[in-house]
Each structure stands twice: as C-alpha cells, then as structure tokens.
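Chains, contacts and geometry: an overview
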Amino acid sequence: MNGIIIGAGIAGLSTAIALKLKGIEVDIYEASAELKVVGAGILVPPNAMAVLAHYGLADEVKSYGKEIDALRVSSFRGEPISITPSTFVNNRTQFKTVALHRGKLQEILLRNVSEERIHLGYQYSRVESTNEGLQVSFANNQQRIADFMIGADGLRSKVRQFVMPDSALRNGQQVCWRGVANIQLPESSNAQLTELWGDGTRFGFVPIGPDQVYWYATASSKRNYYFESDRAADSLRKLFSSYITCVDNIIDSTPQDLIIEGNMYDIKPLKHWFSNRVVLLGDAAHAITPNLGQGGALAIEDSYAIAEKLEHFSDPATAFLEFQQARQTRVDRVSKASWKIGQITNWRSPLLCSARNQILSKVAPMMANSQSDWLYNFEISKHSNN
Ligand SMILES: Cc1cc2nc3c(=O)[nH]c(=O)nc-3n(C[C@H](O)[C@H](O)[C@H](O)COP(=O)(O)OP(=O)(O)OC[C@H]3O[C@@H](n4cnc5c(N)ncnc54)[C@H](O)[C@@H]3O)c2cc1C
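In this numbering scheme, every chain counts its residues from 1 along its sequence in written order. pLDDT decides what is reported in this predicted model: residues at 70 or higher carry local features, side-chain atom pairs at 80 or more are listed and counted, and totals for whole chains, interfaces and linings draw on all residues regardless. To obtain the side-chain values, all non-hydrogen atoms of the structure were included, while hydrogens and water were left out.

**A short note on the packing of helix α1 (residues 10-21) against helix α5 (residues 102-111)**
- To define axes, lines are fitted to C-alpha atoms, for helices over the stretch in contact only, and angles between the resulting N-to-C directions are given on a 0 to 180 degree scale. Labels follow the DSSP assignment, with helices taken as runs of H or I lasting at least four residues and strands as runs of E lasting at least two, numbered in each case from the N terminus. Two elements in contact, α1 and α5, have axes separated by 9 Å at closest approach and are oriented at 30°. As judged from the angle between their axes, α1 and α5 are roughly parallel. Note that α1 runs across α5; the crossing there is left-handed. Facing Ile 10, Leu 13, Ser 14 and Ile 17 of α1, the residues of α5 in contact are Arg 102, Leu 105, Gln 106, Leu 109 and Leu 110.
- Classes in brief: Ala, Val, Leu, Ile, Met, Phe, Trp, Tyr, Cys and Pro nonpolar; Asp, Glu, Lys and Arg charged; the others, Gly included, polar. Grouping the constituent residues of the contact of α1 with α5 by class yields six nonpolar, two polar and one charged. Oblique is the label for any angle not covered by the other classes, which are roughly parallel (under 35 degrees), roughly antiparallel (over 145) and roughly perpendicular (65 to 115). In this scheme, a crossing is called left-handed if the near helix is turned counterclockwise away from the far one by less than a right angle; it is called right-handed if the turn is clockwise. By definition, residues are in contact when any of their heavy atoms lie within 4.5 Å.

In structure tokens form, the structure reads like this:
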C-alpha cells in the first residue's frame, strides 16, 4: 500500500516510525521548508513512554531529559495543595514522566524516519478520489497519487476541512507562555514538576537538564493584564509579582526572545475522524488544551493504534473505522479532563480560588490514584490486533 502522511510533527513522525516497524513505508509531506527546533520543553507521560519503549526509543528519550519523581501543586505563596509521587503511576506502568526539550524529542523521532521519505516545502492543499487512487495536491503545484492519506497537520489542520468541514476551534480563554531558563533549581525542586496556582494564573516549572528548566505560565484571558511581546520578561514579572520569588528568578534566567506566547485552543470532539481513505490523527483529529500535558502523548498513542489497524485490515477505510472506534472514547475523556482543569485554573476570584485549593488538597490523593489508572496506563497489548 502506498500511503501519504501530511505533517511532520509528533503525530506524523511517530506514525511513520510505527508503520515502518510494520513494514509499511510512507512518505511524509511537510509544509515547512525546514524542520526547525520549535517550542520549549515537553512532558512525555508514562502512557507515551510505553509506546516509545515499544519503538525502542524510551532510553534515548530518558537520556536527553529528566525523569520526574513527583508532581507538586502549591498556591502562588507556596502553601502545599497536593503532591503526587510518580510511584503512584510507576507501580502500574513501569514508566515515569520524562521532561525534555521539545526539539530533542523531535530530533529523536526524525532520526528514526528514513530521510528520503520526508518531503519539505509541500503544503497540502487538496485531495480528490480518482480511478487510480487519491490524488493529493500541494501548494507548490506538485501532485501525488496514494492509496491512503493520514492528516497529521495539527490544530489548524487543512485535511480536517476535508474530513469534517464544519469543525471549529474552541477558545480556552487562556493565554500561555513558555520558555527554557538557564538556571539550576535547588535540590528540593529537582526531579519534580512544580505548579503554582494563583487567581486566574498558573506557573509551572520542571528541570530538563542539569542547568535548564522548562517553564510555562497561563493566565485567564479575561484577567486584566498588559503584555508587551518585546518586553515579555517585564510583563511576566509584573503578572506573577505576587508569586514566590523563584518564579522571578526563572523568568530572569530565560532568553527573552525565546519566550513563546499563544492562546489556548482545542477542537470540540469530532464525530468522524476519517472519510473513506483519508484519516486524521494527533491534533488534527483531537487537539486538546495543554493542561494535562497529554496532546503529544495521545498523538504517540494514535501512531501505535493506526499502525496496528493498517497492518491488520487491507482496506484503509475499514482500518480507519477500527482506529477511530479504538481511540475515540479515551481521547474524548482526556480532552474533557484537560478542558476542565483549564477552566478551574482560570478562576479569578481569590475567595473561590482559596476554596478550590483547600478542597483539592483533600481530594487530590484520591484523584491522583484513579487518574494514574486511566490516564497514564496505556497497555500496548490491549491495542494490538495480534
Ligand atoms: C503550550 C503547550 C504545551 C504543551 N505541552 C505538552 C506536553 O507537555 N506534553 C504533551 O504530550 N503535549 C503537549 N502539548 C500538546 C502537543 O504540543 C501537541 O498535541 C502535539 O504537538 C501535536 O502534534 P501533531 O503532530 O498532531 O501536530 P503539530 O505538532 O502541530 O504538527 C503538525 C505539522 O503539520 C505541518 N502542517 C500544517 N499544515 C500543513 C499542510 N497544509 N501541509 C503540510 N504540512 C502541514 C506543520 O508544519 C507541523 O509540522 C502542548 C501544547 C501546547 C500548546
């Protein structure tokens, strides 16, 4: 079978790896002329690590990042709300969350895809069914014929417009900033993901190397704040001025021009992820808000599931139906949970936030336990057709 993947992000690259392991070679067509190191850090949770281990890549991911021993949530003043040791998850899944530079993850995935199979500067524009197969057209006036096409072209997917023309982005009413600081954390915060929750704001940080810290910050877009992109550090310092001092230090140690700002969107769960021999996966199928650090992980899970189905079913449309049926319930559940956390951390009233923190400190241990079961535990064998 001759297949085409649109997009060389986490979803496209990991799908090409998964298919190659099944003996199915595909070509990836990517709009960018160059695959630059993008983003700041990324958390690769245990469910994604299980799949990467199956691809033989888990050790490499670990060697480039840092395994996380605990998630600690506190108020912006440092009062503890919850601590979830990774043993909660680890006992069930064998893996810990790994935090690393996003560019390193991209590098590892890229290294494992045949170079001649990646075509840069090919912006997908249209697909049509013809007697010879799918005719795929690109903005550079090139065309390709394929037996199936996988749309892994991200949040603003053009392939999605073909599969589900009525789908729309949903605004999470949240602004997010990310960066990598050149700083060493004190021993007490090393090997843990720390989140500080304020009134309509949140600041998270995690070490990704001996003297590198990935951080992210969010603010409700309804909150009054003034942000100047060319003075990002000053603006953030002001916004997080009531937070414990380590936040200031982390912002100060970040190259200002590398601070990334963006509004948070997801897509409402789609009814259909495929149309005949064209399927969506990763953010193209189910972009979620980043509140659980699971969007890329779900894309990696997708890669495993789609390869299993394409190996097992010779008709791509049947494989795609089976793929959607195998994945949709889980993905919708993660999407809903992620959306809810975003809304809760968007609360702006100090009174409500204080009550939220108190309740959470009581229920967090139970939540962490049950969450470990369904969220982080991706059992490869259950998704296999063999
Ligand atoms: C602030 C933030 C923090 C996050 N943190 C985490 C985290 O810690 N852990 C985690 O698992 N996930 C995280 N995520 C989610 C994660 O980044 C995404 O889910 C993941 O990148 C999706 O991968 P993808 O390959 O589906 O899409 P993308 O990464 O968007 O890749 C799509 C690719 O398709 C290409 N493309 C687009 N249009 C076309 C076209 N027409 N033709 C050809 N190519 C095209 C693009 O250039 C791109 O290379 C975070 C997201 C955000 C916004």
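**Structural notes on a nonpolar patch on the surface**
- A contiguous nonpolar patch, built from Ile 344, Trp 347 and Leu 352 and spanning about 240 Å² of accessible area, is present on the exposed surface.
- For Trp 347, the position within the fold is in the loop between α11 (316-345) and α12 (350-374). Patches here are clusters of residues that have more than 30% relative accessible area and form no salt bridge, with a 9 Å joining cutoff for like charges and a 5 Å cutoff for nonpolar side chains (Val, Leu, Ile, Met, Phe, Trp, Tyr). The method behind every accessible area is Shrake-Rupley, applied with a 1.4 Å probe, and residues are considered shielded solely by the protein chains displayed. By convention in these notes, a salt bridge is any Lys or Arg side-chain nitrogen within 4 Å of a carboxyl oxygen on Asp or Glu.

**A word on the packing of aromatic side chains**
- Each aromatic pair joins two rings of Phe, Tyr and Trp (for Trp, the six-membered one) with centres within 6.5 Å, and gets the label stacked for planes under 30 degrees apart, edge-to-face for over 60, and tilted for any other angle. Summed over all chains, the structure comprises twelve aromatic pairs.
- Between Tyr 122 and Phe 138 the ring centres are 5.2 Å apart and the planes differ by 85°, which places this aromatic pair in the edge-to-face class. Taken together, the positions of Tyr 122 in the loop between β8 (118-120) and β9 (124-130) and Phe 138 in strand β10 (residues 133-138) put the pair 16 residues apart, joining distant regions of the chain. As far as burial versus exposure is concerned, Tyr 122 and Phe 138 are alike and both buried.
- Summarising the aromatic geometry, the rings of Phe 203 and Phe 240 are spaced 5.5 Å apart at their centres and angled 70° between planes, so their arrangement reads as edge-to-face. One end of the pair, Phe 203, is in strand β15 (residues 201-209); the other, Phe 240, is in the loop between α7 (232-239) and α8 (246-252), and 37 residues separate them in sequence.
- Exposure is judged per residue with a 1.4 Å probe applied to protein chains only, and the accessible area is read against the type maximum: over 50% gives exposed, under 20% gives buried, and values in between give partly exposed. Overall, the relative accessible area of 2% leaves Phe 240 in the buried class.
- Site record: aromatic cluster; members linked through ring pairs are Phe 76, Phe 203, Phe 205, Trp 215, Phe 240 and Tyr 243.
- Charge over a ring is defined by NZ of Lys or CZ of Arg lying within 6 Å of the ring centre and within 35 degrees of the ring normal. Directly above the aromatic system of Tyr 265 lies the positively charged group of Arg 156, at a separation of 5.4 Å from the ring centroid.

**A look at the sheet that holds β9**
- Strand order in the open sheet formed by three strands is β9-β10-β11, and the pairing between neighbours is antiparallel. Every interior strand has two partners, whereas the edge strands, β9 and β11 (143-146), have only one. Across this sheet, the average inter-strand angle for adjacent strands is 25°, counted without regard to direction.
- The pairing of β10 with β11 spans four bridges and is antiparallel. In this scheme, strands are said to pair when DSSP sees at least two bridges between them.

**Thoughts on the nonpolar core**
- Within the largest apolar cluster, 82 residues are counted, with the highest numbers of intra-cluster contacts made by Ile 6, Val 44, Leu 52, Val 61, Val 136, Met 149 and Leu 310.
- The greatest single-element share of this core, amounting to nine residues, is contributed by helix α10 (residues 295-312).
- Setting aside its immediate chain neighbours within four residues, Leu 52 contacts Val 44, Leu 57, Ala 58, Val 61, Leu 109 and Ile 300.
- Side-chain atoms within 4.5 Å are what join buried Ala, Val, Leu, Ile, Met, Phe, Trp, Tyr and Cys residues into a set we call a nonpolar core. Within the second largest apolar cluster, 23 residues are counted, among which are Phe 205, Phe 240, Tyr 243 and Val 247.

**Thoughts on unusual backbone geometry**
- Positive phi is not limited to glycine here, since Asn 141 has a value of about 70°.
- Note on placement: Asn 141 falls in the loop between β10 and β11.

**Focus on the pattern of salt bridges**
- Scanning all chains against the criterion turns up 18 salt bridges.
- Across the pair Arg 111 and Glu 60 runs a salt bridge, and its minimum N-O distance is 2.3 Å. Of this pair, Arg 111 sits in helix α5 while Glu 60 sits in helix α3 (residues 58-64), and the two are 51 residues apart along the sequence.
- Residue Arg 111 is classed as partly exposed on the basis of its relative accessible area of 44%.
- Looking at Glu 60, the relative accessible area reads 24%, which means it is partly exposed.
- For Glu 195, the salt bridge identified is with Arg 202, shortest N-O distance 3.4 Å.

**Let's talk about the sheet that holds strand β4 (residues 66-67)**
- The three strands are arranged β3-β7-β4 in an open sheet whose pairing can be described as antiparallel. Here the strands that pair on one side only, and so sit at the sheet edges, are β3 (41-44) and β4.
- In this sheet, strand β7 (residues 98-101) lies alongside β3 in antiparallel orientation, the contact comprising four bridges. Looking at β7, one finds that Ile 42 is bridged to Leu 100.
- Contacts from α5 reach β3 and β7 within the one sheet, and its direction differs from that of β7 by about 90°.

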